[in-house]
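Structural characterization, general
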Amino acid sequence: MSGVPGGALEIAMTCLNVADLIEKRDGMEAGEARIYDLMDRAAALLHGDGFPRDGYYAFVCEKCAPTFDYYGWFAEAEALREEAGRIYAGT
């Protein structure tokens, strides 16, 4: 996906899905380091360049925010929600 236009968004969502799988398989304590590595990667991808800040990006932000909330990354979740709201408002 790294070579596909907008593929970074798909990679970010996949990172968050894998983090959830690790937490369910191994538990939070055992999987914590790997989970937070994936969270870091997802956040970096979501704030990166190389894709338009359009409706699809807003959709991805909305879908990713709850996972950031779940793992206690409240500021990241809020930033994603605000970005989605800004895009939907057309500002």
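The structure reproduced in this document is the subject of the present report.

Basis of the calculations
Residues numbered from 1 in each chain as written. Predicted model: local features only at pLDDT ≥ 70, side-chain atom pairs only at ≥ 80, totals over all residues. Heavy atoms only, no water. Core = buried A, V, L, I, M, F, W, Y, C linked by side-chain atoms within 4.5 Å. Buried < 20%, exposed > 50% of the residue type's maximum accessible area, 1.4 Å probe, protein only. Helix = DSSP H or I, 4+ residues; strand = E, 2+ residues; numbered from the N terminus. Contact = heavy atoms within 4.5 Å. Expected span 1.5 Å × (residues − 1). Bend = angle between axes of the 7 residues up to and from the residue. Polar contact = N/O pair within 3.5 Å; in protein donor to acceptor, adjacent residues only side chain to side chain. Salt bridge = Lys/Arg side-chain N within 4 Å of Asp/Glu carboxyl O. Axes fitted to C-alpha atoms, helices over the stretch in contact; angles between N-to-C directions. Parallel < 35°, antiparallel > 145°, perpendicular 65-115°, else oblique. Nonpolar A, V, L, I, M, F, W, Y, C, P; charged D, E, K, R; others polar.

1. Focus: the nonpolar core
Ranked by size, the top nonpolar core spans 29 residues in total, and within it Met39, Leu46, Cys64, Phe68 and Leu80 carry the most contacts. Within the residue set of this core, elements represented by two or more residues are helix 1 (7-26), helix 2 (28-46), helix 3 (55-70) and helix 4 (74-89). When residues of this core are assigned to their parent elements, the largest contribution, nine residues, is made by helix 1. Each residue touching leucine 80, except ones within four places of it in the same chain, is listed here: Leu46, His47, Cys61, Cys64, Ala65 and Phe68.

2. Focus on helix 2
Between the first and last C-alpha of helix 2 there are merely 23 Å, a value that for 19 residues lags more than 12% behind the 27 Å anticipated at 1.5 Å per step. The principal kink in helix 2, of about 40 degrees, is found at arginine 34. When we look at burial in helix 2, the residues that qualify are Gly31, Ile35, Leu38, Met39, Ala42, Ala43, Leu45 and Leu46.

3. A look at the environment of leucine 38
Among the secondary structure elements, leucine 38 is positioned in helix 2. On the basis of relative accessible area, leucine 38 is assigned to the buried category, the value being 6%. Considered as a pair, leucine 38 and glutamate 62 are 24 residues apart in the sequence and their alpha carbons are 18 Å apart. Residues within four places of leucine 38 in sequence aside, it is in contact with Cys15, Val18, Ala19 and Ile22.

4. Some details on the side chain of glutamate 23
Among the secondary structure elements, glutamate 23 is positioned in helix 1. Among the residues examined, glutamate 23 registers a relative accessible area of 15% and is labelled buried. A polar contact of 3.3 Å, which involves the side chain of glutamate 23, links it to the side chain of tyrosine 70.

5. Considering the pattern of salt bridges
Applying the stated rule across the entire model yields four salt bridges. Note that arginine 25 and aspartate 26 form a salt bridge whose closest N and O atoms lie 2.7 Å from each other. Among the residues examined, arginine 25 registers a relative accessible area of 63% and is labelled exposed. With a shortest N-O distance of 2.7 Å, glutamate 83 and arginine 86 are connected by a salt bridge.

6. Some words on the packing of helix 1 against helix 2
Where helix 1 contacts helix 2, the two axes come as close as 8 Å, and the packing angle between them is 170 degrees. Taken together, the axes of helix 1 and helix 2 are roughly antiparallel relative to one another. From helix 1, Ala8, Leu9, Ile11, Ala12, Cys15, Leu16, Val18, Ala19, Ile22, Glu23 and Asp26 reach across to helix 2, where they touch Met28, Ala30, Gly31, Arg34, Ile35, Leu38, Met39, Arg41, Ala42, Leu45 and Leu46. Looking at side-chain class alone, the contact of helix 1 with helix 2 contains 17 nonpolar, one polar and four charged residues.

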